[in-house]
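Analysis of the macromolecular model
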Protein chains: 2
Amino acid sequence: MAKNTIRNMEEFAALSGISRPTVSKYFNDPESVRTSTRKRIEEALEKYEYRPNMFAINQNRKLTKNLGIVVPYLADPFFAELARNIEQRCIAAGFRPTLYSSHGDQELENDILDSLRSLKPAGVLLAPLGRTSDRAIVEKFCADIPTVIFDSFLPDMGFAFVGSDNWQFARLIVEYLCRTGEPPSFLEMKTPSNPNANRRRKGYIEAMERLGHEPQIVKVDGEGWEFEEIGRREGGKALAAGLFKSNTILCSNDRLAIGFLAACFEQKIRVGRDPDCQIRVAGHDDHPFSRFTCPPLTTIAQDYDAISRCAVETLFKAIEGSENKHETTLFEGKLVMRDSA
Amino acid sequence: MAKNTIRNMEEFAALSGISRPTVSKYFNDPESVRTSTRKRIEEALEKYEYRPNMFAINQNRKLTKNLGIVVPYLADPFFAELARNIEQRCIAAGFRPTLYSSHGDQELENDILDSLRSLKPAGVLLAPLGRTSDRAIVEKFCADIPTVIFDSFLPDMGFAFVGSDNWQFARLIVEYLCRTGEPPSFLEMKTPSNPNANRRRKGYIEAMERLGHEPQIVKVDGEGWEFEEIGRREGGKALAAGLFKSNTILCSNDRLAIGFLAACFEQKIRVGRDPDCQIRVAGHDDHPFSRFTCPPLTTIAQDYDAISRCAVETLFKAIEGSENKHETTLFEGKLVMRDSA
DNA sequence: CCCAAAACTTTGCGCGCGTAAAATTTTAGT
DNA sequence: ACTAAAATTTTACGCGCGCAAAGTTTTGGG
């Protein structure tokens, strides 16, 4: 009732019969005031619907409750899902996360970091563009603000790195593919946006050699983040040109694989494990759409949950002031066997 | 060089030899100061790397430069793409947009609107959850803050609504399908999250009747926003049970269609226009992944660009104080013929 | 019932900037 | 060179809250 427009904490404190500093204390930590006081404040809160002014709060606090979450490309459901997961954890911990996407653009990434500074965030969870990131700017940012890098590794930056063990990914899938059919060829972009690609390629080579097979890498043209289109168009060209020595194609990531599956379909090449199929296709990531491709894509699943949990927990440690040790935490992937390979 | 830590505008003004109020004026609108003055400020700006404190700025301004962008489900690339488009336009106009996703959750949508309030945004672009939105809360929000609703219509709310002409969508695709084969059955969820679904259904019925065909609607179970899975599992059940009277299935949206295509594949039913295909499938939206399904999905393309442009322009009008007229702007879709129908 | 500790209130300052009014300087036009 | 207009500087206040210090009340044991 009587939701008279309360202008500030002063007024609200008066109406609830508590002093302003105590009310202020309550908002910073409800547990820090006596139970009876808390009750009175909360009663008044329902009655008058007052909320402290964000800007006035943060102006004077040394450390805000703001967090930044930055991903390289939000139109990729993989990052959207990861971001969602991280966001929820931050909120649960009482922070106010803000989500940003670099949209695959270096300038935009720089701008985001820049405007993030002015938010005086307590910390930032950054999945950098990777290869196309402006190293100097990212490094400077990490030096000023507690930052946990995730997904995409950048050497010697931030408080810590949390990601996937891409070597293990490649090993796992290569072993599976070799065990169940021809050793795979590897399909990737010439200049991959994501540095994980490098580790996956190397992991592939190592695994192949260890098993006594000769690795074959097919690099296709294509810039940017439209992986599906690159997989379809350029992967399709490679396929039509007979560039793949194996009937089994391991793609650097699921989005590339999704596009490649489309190319196979266009060329009427049947994909799968059945005897009447000509080719097998596998990917990396367990992209949200991978189970809906035709055939469903066999892939290595990133541990979304573990990565987001670890990234957030590590950031909290950083915020609490632990020593910066450039720790790296990698999570293993799990083989997701579907019908494509 | 000598990037001494400048604490505030006072210091920066002193260093650049300009008075603080003039510097303040410059930051609010660089064009509002004399050219010579602007030059001196900008020189100092490069030299000392000062940026005004966001919180102090917004504390005193009646109108901030903040904008809110809210979408119901960011892990859907359709919304991610739309959000990206809108975001860029806002930045270009000198605003600071912040992106939020309700993740399909009413409570979260309410929380977002609530915390958006405390940002004192100049305006908000809101794609509500729709059916599951808390009408009262959204309405109250719109009354307080200039808001343009987009994608999902809510009656009598906000400054204006911008979306797609879903009736026209259905008409267009039904006419095409009838012209080129059997009149379609319509596949949708029993309780669709998105209110566009209702208009699409009605548009379908109307178009069918006008062409002298009997409409058939197949409603499948399923809650939430995991449309692909619902399309695959429940759509697949309906397919196996022979519930579709037609060999042509029009899906309420592309994500449902993507899942349904997976179900067709599972049941070894060939989809497409070729003589050897048993079924045709079409969708609505031109989802970013629709061109990579197998076969590529025939659909009606939403005009992402027109919608985002119109929504942003309309919001700017609202911010400038035009009268609230509850205008509705709908954009037509374009038929995207691919191989699935 | 007394006392120390804990919680609270009072007082008062400061944060960094917006903004208004009045005084001053610069600009542009003649 | 003179003058009105425009731009800038000076001056001064306020925004809403954090925060620290000092005084007051409440709490919990003994």
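Keep in mind that what you see is a predicted model, and the values were worked out from it rather than measured. (Residues numbered from 1 in each chain as written. Chains lettered and ligands numbered in written order. Predicted model: local features only at pLDDT ≥ 70, side-chain atom pairs only at ≥ 80, totals over all residues. Heavy atoms only, no water.)

Per the secondary structure count, chain A includes twelve helices and twelve strands. Taken along the three principal axes of its C-alpha coordinates, chain A extends 80 × 40 × 30 Å. Across the 341 residues in chain A, those meeting the buried criterion constitute 57%. Contacts in chain A between residues far apart in sequence, at least 24 positions, make up 70% of those at least 6 positions apart. Distance between charge centres in chain A, computed from 45 positive and 48 negative side chains, equals 4 Å. (Helix = DSSP H or I, 4+ residues; strand = E, 2+ residues; numbered from the N terminus. Buried < 20%, exposed > 50% of the residue type's maximum accessible area, 1.4 Å probe, protein only. Contact = heavy atoms within 4.5 Å. Lys, Arg positive; Asp, Glu negative; His and termini not counted. Charge placed at Lys NZ, Arg CZ, Asp CG, Glu CD.)

All names here are of chain A. Reading across from one edge, E7-E6-E8-E9-E10-E12 is the order of the six strands in this open sheet, with mixed pairing throughout. Here the strands that pair on one side only, and so sit at the sheet edges, are strand E7 (217-220) and strand E12 (334-336). In this sheet, neighbouring strand axes are inclined to one another by 25° on average, regardless of whether the strands run parallel or antiparallel. Packed on one face of the sheet, helix H8 (residues 166-180) meets strand E8 (248-251), strand E9 (280-285), strand E10 (298-301) and E12 and runs near 165° to E9. Of the strands in this sheet, strand E6 (185-189), E8, E9 and E10 are in contact with helix H11 (residues 254-266), which crosses E9 at around 155°. (Pairing = 2+ DSSP bridges. Axes fitted to C-alpha atoms, helices over the stretch in contact; angles between N-to-C directions.)

Looking now at the relation of the copies chain A and chain B. Superposition record for chain A on chain B: RMSD 0.1 Å, screw rotation 180°, translation along axis 0.0 Å. Here the symmetry operator amounts to a two-fold rotation axis. Taking C-alpha positions as the reference, the residue of chain A nearest the rotation axis is Phe-55 of chain A, at 2.3 Å. Comparing interface residues between copies, 100% of those in chain A also lie at the interface in chain B; the contact surface is shared. (Least-squares fit on C-alpha atoms with pLDDT ≥ 70 in both.)

Glancing now at the UniProt feature "domain: HTH lacI-type" (unreviewed entry) in chain A. Mapped onto this numbering, the UniProt entry annotates "domain: HTH lacI-type" (unreviewed entry) at residues 7-61 of chain A. For the annotated span residues 7-61 of chain A, helix accounts for 69% and strand for 0% of the residues, and the straight-line distance between the end C-alpha atoms is 20 Å. (UniProt positions renumbered as here; feature names shortened; annotations may be inferred.)

Before going further, it helps to examine the UniProt feature "domain: HTH cro/C1-type" (unreviewed entry) in chain A. The positions UniProt marks with the feature "domain: HTH cro/C1-type" (unreviewed entry) are residues 9-51 of chain A. Taken end to end, residues 9-51 of chain A is 72% helix and 0% strand, and its first and last C-alpha atoms sit 8 Å apart.

Two aromatic rings, taken as a pair, are described by how far apart their centres are and by the angle between their planes. The tally for this structure, following the rule as stated, stands at 28 aromatic pairs over all chains. Taking 4.4 Å as the distance between ring centres and 50° as the angle between the ring planes, the aromatic pair formed by Phe-289 of chain A and Phe-289 of chain B counts as tilted. Of this pair, Phe-289 of chain A sits in the loop between E9 and E10 while Phe-289 of chain B sits in the loop between strand E9 (280-282) and strand E10 (299-301), on two different chains. Of the residues examined, Phe-289 of chain A reaches a relative accessible area of 7% and is grouped as buried. When the centroid spacing of 6.4 Å and the interplanar angle of 65° are considered together, the rings of Phe-79 of chain B and Trp-225 of chain B count as edge-to-face. Of this pair, Phe-79 of chain B sits in helix H5 (residues 77-92) while Trp-225 of chain B is found in the loop between strand E7 (217-220) and helix H10 (227-240), placing the two residues 146 residues apart along the sequence. Both residues of the pair, Phe-79 of chain B and Trp-225 of chain B, belong to the buried class. Taken together, Tyr-73, Phe-78, Phe-79, Trp-225, Phe-227 and Tyr-304 of chain A form an aromatic cluster joined through their ring pairs. Sitting over the face of the ring of Phe-95 of chain A, Lys-65 of chain A holds its NZ or CZ atom 4.6 Å from the ring centroid. (Phe/Tyr/Trp six-rings, centres within 6.5 Å; stacked < 30°, edge-to-face > 60°. Lys NZ or Arg CZ within 6 Å of the ring centre and 35° of its normal.)

Below, the discussion takes up the protein's contact with DNA strand D. Residues in contact with DNA strand D amount to 25 residues; listed here are only the nearest, Met-9, Ser-24 and Tyr-50 of chain A together with Thr-22 and Arg-34 of chain B. Each atom of DNA strand D within 4 Å of the protein was assigned to sugar, phosphate or base; sugar and phosphate come to 68%. Contacts to DNA strand D include Ser-24 of chain A, whose side-chain N or O atom sits 2.4 Å from a phosphate oxygen. Measuring from a phosphate oxygen of DNA strand D, one finds a backbone N or O atom of Arg-34 of chain B at 2.4 Å. Mapped onto the surface near DNA strand D, the elements with two or more residues apiece are helix H2 (20-28) and helix H4 (54-60) of chain A together with helix H2 (20-28) and helix H4 (54-60) of chain B. The biggest single contributor to the surface near DNA strand D is H4 of chain A, with four residues. Class assignment for the residues of the surface near DNA strand D results in eight nonpolar, twelve polar and five charged. (Near = heavy atom within 4 Å. Polar contact = N/O pair within 3.5 Å; in protein donor to acceptor, adjacent residues only side chain to side chain. Nonpolar A, V, L, I, M, F, W, Y, C, P; charged D, E, K, R; others polar.)

Let us look at the packing of H2 of chain A against helix H3 (residues 35-48) of chain A. In a pair of packed helices, the angle between the axes and the distance between the axes together describe the arrangement. Residues and elements named next belong to chain A. Relative orientation of the contacting elements H2 and H3 amounts to 85°, with a least axis distance of 11 Å. Considering their axes alone, H2 and H3 lie roughly perpendicular with respect to each other. Contacts between H2 and H3 involve Thr-22, Val-23, Tyr-26 and Phe-27 from the former and Thr-37, Arg-38, Ile-41, Glu-42 and Leu-45 from the latter. In the contact of H2 with H3, the residues fall into five nonpolar, two polar and two charged. (Parallel < 35°, antiparallel > 145°, perpendicular 65-115°, else oblique.)

Turning our eyes to something else, we now look at the protein's contact with DNA strand C. Contacts to DNA strand C come from 25 residues, most closely from Thr-22 and Arg-34 of chain A together with Met-9, Ser-24 and Tyr-50 of chain B. Atoms of DNA strand C within 4 Å of the protein belong to the sugar or the phosphate in 66% of instances, the rest to bases. One of the side-chain N or O atoms of Asn-60 of chain A is found 2.4 Å from a base oxygen in DNA strand C. Within the side chain of Ser-24 of chain B, one N or O atom sits 2.3 Å away from a phosphate oxygen of DNA strand C. When contributions to the surface near DNA strand C are tallied by element, the ones reaching two or more residues are H2 and H4 of chain A together with H2 and H4 of chain B. Classifying every residue of the surface near DNA strand C gives eight nonpolar, twelve polar and five charged.

Another aspect to go through is the sheet that holds strand E6 (residues 185-189) of chain B. Residues and elements named next belong to chain B. As summarised here, the arrangement of the four strands in space is E7-E6-E8-E9, forming an open sheet in which the pairing is parallel. Where the open sheet ends on each side, the last strands, each with one partner, are E7 and E9. When strand polarity is set aside, the average angle formed by the axes of neighbouring strands in this sheet is 25°. Packing against the sheet, helix H9 (residues 196-210) makes contact with E6, E7 and strand E8 (248-251), and its axis sits at approximately 165° to E6.

Once that is clear, we can look at the interface of chain A and chain B. Accessible area lost upon the coming together of the parts serves often as the stated size of an interface. Across the contact, 46 residues belong to chain A and 46 residues belong to chain B. Taken together, both faces of the contact between chain A and chain B bury some 4,200 Å²; the carbon and sulfur share is 63%. Considering only the side of chain A, the residues that lose the most area to chain B are Phe-55, Phe-289 and Phe-292 of chain A, jointly responsible for 19% of the buried surface there. Between Lys-140 of chain B and Glu-49 of chain A there is a salt bridge, and its shortest N-O distance comes to 3.6 Å. One can count four residue pairs in polar contact (both at pLDDT 80 or more) joining chain A with chain B. For the side of chain A that touches chain B, the secondary-structure elements that each account for two or more residues are H4, helix H5 (77-92), strand E2 (96-101), helix H6 (106-117), helix H10 (227-240) and H11 of chain A. Of the residues contributing to the side of chain A that touches chain B, the split by class is 19 nonpolar, twelve polar and 15 charged. (Buried area = accessible area lost by both parts, 1.4 Å probe. Salt bridge = Lys/Arg side-chain N within 4 Å of Asp/Glu carboxyl O.)

This part is about unusual backbone geometry. All names here are of chain A. A cis amide bond links Cys-294 to the next residue, Pro-295, at an omega of -5°. Along the chain, the position of Pro-295 falls in the loop between E9 and E10. You will see that Glu-49, though not glycine, has its phi angle at about 55°, which is positive. A positive phi angle, close to 60°, is found at Asp-156, a residue other than glycine. With relative accessibility at 58%, the residue Asp-156 sits in the exposed group.

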